[in-house]
Amino acid sequence: MKIANRRCLSQVALAALTVVMALATTLTLTSASSVQAAMAGTAAAKPVLGMAGPGISRSDSTPCFTDSADCTSSSPSVSFSLYSNGDTTGCTFQADVTWGDGASTDMSVSGGADGAFLVTFDHDYKALGSFDIGWSAYVTSGSGCINNSGTLQFTLTVPCPNEGVDTNITLPAVSVPAKFSYKRVSISYSDLPLYFGVIDQNPLCTVQSNEGRLRVYLNTGLGSVHIADSVTTATVDFIPASDLPANLPVCNFKGLQGIKSPNSNPTLADYTEASNCLANTSRASTDLYAEWYSPGFTEESGPFSVPVTSELIYYVDVDTFAGSPPVNFRDTLQKIETYLHTTLIANLPTVTKVALVQDPPAQLEITDPLGRTVGVGADNKIQTFPGAGYAQVGDRSIAWFLAPVPGTYSVTAKGKGGSSFHTIFSELQFLGHGRKPLMSNVQWKGKIGRHGKSARRFAVHGDPTGAVLLPRESTRHAVVGGKVRFTLQGSVIPFGPVTIVWWFGDRRDATGLTVAHRYSRKGSYAPTVTITNALGTKITLKLPRIKVVK
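Residues numbered from 1 in each chain as written. Predicted model: local features only at pLDDT ≥ 70, side-chain atom pairs only at ≥ 80, totals over all residues. Heavy atoms only, no water.

> Give a detailed account of the overall build of the protein chain, specifying residues and quantitative values.
Across its full length, the protein chain carries four helices and 43 strands. The proportion of buried residues among the 550 residues of the protein chain is 49%. Residue pairs at least 24 apart in sequence account for 69% of intrachain contacts in the protein chain once pairs closer than 6 positions are excluded. For the protein chain, the computed accessible surface area is about 24,700 Å², with 50% contributed by carbon and sulfur atoms. (Helix = DSSP H or I, 4+ residues; strand = E, 2+ residues; numbered from the N terminus. Buried < 20%, exposed > 50% of the residue type's maximum accessible area, 1.4 Å probe, protein only. Contact = heavy atoms within 4.5 Å. Areas by Shrake-Rupley, 256 points an atom, 1.4 Å probe, with all protein chains shown as cover.)

Written out as structure tokens, the structure reads:
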């Protein structure tokens, strides 16, 4: 028989003794058949907790409280019943229940024959988390009956989708305005469809997204140009509070926000409190959290590919976003992803630094410090190179450089001899200032020479020796004996790495830019990598924990 409202149901039997004795009774956890046998009078008259009837099934099809006084469910409705174990006819009990969320229920209950149903307690929880349920029944009248009490624990979690069924969400589009002295320009990020599939349902829920490609546009006011894609994947692991890292700090982006010059490059120290932290500062009264993990954002434009961030890990209090149950997994995931999406664009955007050159009405030809050319060449054909682009909209020209190389840029304005032009060379720093990027504008006004050209040099500042370390692992969920690859490919290590040592968390190590390791036992392992450069500078970075199962 099935219960239509899929409630967690436990039958708790009240004990009765034919001879009243001053004995301390104990709570015994048994199976459904044992409870039924006790009710039939074939077992000793003592308190029994078990399934004496149908109840909700969890995702693993195990009825709640059958073989454990704990229950985890995505249904906010909970029920359990009291039965008489032995003949309690003629007795009256005061039955009290505390639900663990501040609510309580009490009522007077009359006894009954051996195995008789006495009362059912129902409750609907309004927040996610774990709750200690306490029940007691005290004799208020009658003879031959004794008191009884017990505890249960109920955890309300988000419902995990069925394996093989994707959860579809869409991250919202975001526009970042930037005021130029001549024309308004903005960077915008398109909306982003994501598809999350279940990769683990034990104990709660772990889902992983497809490779999301966030399209980045440069908007000139006269049109939009697709300049790059930001590419990453995300894994969301719902975990109890007991699994949170010890002394988990609240995310602090002040180091990045403290950058005051668009010519400054952040140091590694500026990132230390901007990852592996609690993203939402207002904690709700819940034991359920989501661990959000990304292997890092990569900026791509054709064959141009630049790692923008290292691995990112953020923790969020799920109840802050979930709202009142019944909890919808898709809505919960949508709220978590949207919150992190907008937070990262504000502080760790996919485009970190851009150089722009715009000019009405002259055409442009720009050569970067490496001798690469963008714009209208000598043959009047447009030239570009990976990570750079050029467009002409109406009487206006605009060129852009993603992650511009520090150094001197040569800019040539082309047009009719004697005509006026107004060129602006700008640097935009988004890191830490995603919604109000730092800007450096240099204006160049003049007239085109009689040969149809005028030239000038501009400098892009920055520290090319800043280390960008991007350790990555091929998976965070491995099986015993399965291969896990670790690499520093894509990292920038000034003065060259002299040694790279990987520690895998199981007392094993390896050296090299890219290594592989097989874990021989199940468990949770914390790998690290230590890099020493030619100057003797040593940096050690922690990687996310690797979960190994049989």
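> Give me the packing of aromatic side chains: which residues, what numbers.
A full pass over the atoms with the stated rule returns 16 aromatic pairs. Between Tyr 125 and Phe 131 the ring centres are 4.4 Å apart and the planes differ by 25°, which places this aromatic pair in the stacked class. As far as burial versus exposure is concerned, Tyr 125 and Phe 131 are alike and both buried. Taking the centre distance of 5.3 Å and the plane angle of 70° together, the rings of Phe 401 and Tyr 409 count as edge-to-face. Three or more aromatic residues link up through ring pairs in this structure, and these residues are Phe 385, Phe 401, Tyr 409, Phe 421, Phe 425, Trp 444 and Phe 458. (Phe/Tyr/Trp six-rings, centres within 6.5 Å; stacked < 30°, edge-to-face > 60°.)

> Summarise the pairing of strand β24 (residues 353–359); cite the residues concerned and give the values.
Of all seven residues that make up β24, seven are buried, and the element is covered over most of its length. By the alternation rule, side chains of β24 split into Lys 353, Ala 355, Val 357 and Asp 359 and Val 354, Leu 356 and Gln 358, which are all buried. Pairing of β24 with strand β31 (residues 420–429) involves six bridges; the strand directions are antiparallel. Bridged to Gln 358 within β31 is Ile 424. In terms of strand pairing, β24 meets strand β29 (residues 396–402) through six bridges, oriented antiparallel. Paired with Leu 356 across the strands is Trp 400, a residue of β29. (Pairing = 2+ DSSP bridges.)

> Describe the pattern of salt bridges, listing the residues and the values that go with them.
For the structure shown, the criterion picks out eight salt bridges. Linking Glu 300 and Arg 213 is a salt bridge whose minimum nitrogen-to-oxygen distance equals 2.8 Å. Of the two residues, Glu 300 is situated in strand β21 (residues 298–301) and Arg 213 in strand β16 (residues 212–219); the sequence distance between them amounts to 87 residues. Glu 300 sits in the partly exposed class, given a relative accessible area of 22%. (Salt bridge = Lys/Arg side-chain N within 4 Å of Asp/Glu carboxyl O.)

> Pulling in residues and values, what's your account of the sheet that holds strand β18 (residues 235–240)?
The strand order across the open sheet built from seven strands is β11-β14-β15-β18-β20-β23-β19, with neighbouring strands paired in mixed fashion. In the strand order of this sheet, the two ends are held by β11 (167–171) and β19 (277–278), each with one partner. Judged from the six bridges that link them, strand β20 (residues 288–294) and strand β23 (residues 312–317) form a sheet pairing that is antiparallel. In the sheet register, Tyr 289 faces β23, and the bridge partner there is Asp 317. Across the sheet, helix α4 (residues 329–347) touches β11, β14 (192–200), β15 (205–209), β18, β20 and β23, and the angle it forms with β11 is around 30°. (Axes fitted to C-alpha atoms, helices over the stretch in contact; angles between N-to-C directions.)

> Summarise the pairing of strand β39 (residues 514–518); cite the residues concerned and give the values.
Going residue by residue along β39, you find Val 515 and His 517 tucked away on one face and Thr 514, Ala 516 and Arg 518 left uncovered on the opposite face. Sheet topology note: the strand β36 (residues 483–487)/β39 ladder contains five bridges and is antiparallel. Of the residues in β39, the one forming a bridge with Arg 485 is Ala 516.

Just distances and angles here, no functional claims.
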